[in-house]
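# Structural features, examined
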Amino acid sequence: MIRLLSLAFGPFAEVELLNPCFTPGHWKLRLVVDGEPNSEVSDDRLLGELESAFPGIELHQCRDRNGGEDPGREDPGGGERGIILLEHESTANQAHLLEHLVLEFLSLVDHGSRLSGVTCAYESPHERNDVFVECAEEPVGRVLSLIAVDVVNAALDRRSLNPLYPDA
């Protein structure tokens, strides 16, 4: 299960260099989470479950920090590649998928506004990650983050996401 350790709201200007799509000065929500290092659910299956319940996630695009090509990776989309999962980095992937889920929820609430995020893995402890997402309203971001953590945990626990979570 993903454990939410803290939520904070602020400009977090130091992370803007990590995603060229961040709007400078836009406030962000920061979630500090510990992923599940021994999950029986593969990262690909987790992504598939989230895409099945929330089809808008299929349209999300990851970019490298320069907004362009990633050396050694075929990239016909000019930096856009769908959601990227890293090999042998399950806890980082769980946090990254949480990032996309929170962005999807915020986009639905804001009626399609384009928001950006970034996930930063810790070296120690290995399962810890910071998830940053652009967010205009702190209370909305907090509630949607709690729901998103619950959704990811349900998927990691192999519980059905439909119809409860998409209807929420």
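Up top is the structure these notes are about.
It should be emphasised that the depicted structure is a prediction, and the values quoted were computed from it without experimental measurement.

Quick notes on the rules
Residues numbered from 1 in each chain as written. Predicted model: local features only at pLDDT ≥ 70, side-chain atom pairs only at ≥ 80, totals over all residues. Heavy atoms only, no water. Helix = DSSP H or I, 4+ residues; strand = E, 2+ residues; numbered from the N terminus. Contact = heavy atoms within 4.5 Å. Axes fitted to C-alpha atoms, helices over the stretch in contact; angles between N-to-C directions. Parallel < 35°, antiparallel > 145°, perpendicular 65-115°, else oblique. Left-handed = near helix turned anticlockwise from the far one by under 90°. Nonpolar A, V, L, I, M, F, W, Y, C, P; charged D, E, K, R; others polar. Phe/Tyr/Trp six-rings, centres within 6.5 Å; stacked < 30°, edge-to-face > 60°. Buried < 20%, exposed > 50% of the residue type's maximum accessible area, 1.4 Å probe, protein only. Salt bridge = Lys/Arg side-chain N within 4 Å of Asp/Glu carboxyl O.

Below, the discussion takes up the environment of Val131. Along the polypeptide, Val131 turns up in strand 4 (residues 128–134). Those residues in contact with Val131 that lie beyond four places of it in its chain are Leu29, Arg30, Leu31, Val33, Ala95, Glu99, Val118 and Thr119.

Another point: the packing of helix 1 (residues 43–53) against helix 3 (residues 138–156). It is the contact of helix 1 with helix 3, at a shortest axis distance of 10 Å, that shows an interaxial angle of 125°. One element, helix 1, and the other, helix 3, form an angle in the oblique class. Of the two elements, helix 1 crosses helix 3, and the hand of that crossing is right-handed. Facing helix 1, whose interface residues are Leu46, Glu49 and Leu50, helix 3 presents Val151, Val152, Ala155 and Leu156. Residue composition of the contact of helix 1 with helix 3, by class: 6 nonpolar, no polar and 1 charged.

Before going further, it helps to examine the packing of aromatic side chains. Under the counting rule described, the total for this entry stands at 3 aromatic pairs. With a centroid separation of 5.2 Å and 40° between ring planes, the pair formed by Phe9 and Trp27 is classed as tilted. Here Phe9 is found in strand 1 (residues 3–10), whereas its partner Trp27 is found in the loop between strand 1 and strand 2 (28–34), with 18 residues between them in sequence. Judged by its relative accessible area of 42%, Trp27 falls in the partly exposed class.

Right, let's get into the pattern of salt bridges. The final tally for this structure, using the stated rule, is 5 salt bridges. As a salt-bridge pair, Lys28 and Glu16 come within 2.9 Å of each other at their nearest N and O atoms. Taken together, the residues span a long stretch of sequence, with Lys28 in strand 2 and Glu16 in the loop between strand 1 and strand 2 at a distance of 12 residues. There is no split in this pair, since Lys28 and Glu16 are both buried. A salt bridge links Arg142 to Glu138, with the nearest nitrogen and oxygen atoms 2.9 Å apart. In this pair, Arg142 and Glu138 are both assigned in helix 3, 4 residues apart and thus about one turn of the helix distant. A residue is classified by how much of its surface remains accessible, and Arg142, at 30% relative accessible area, is partly exposed.

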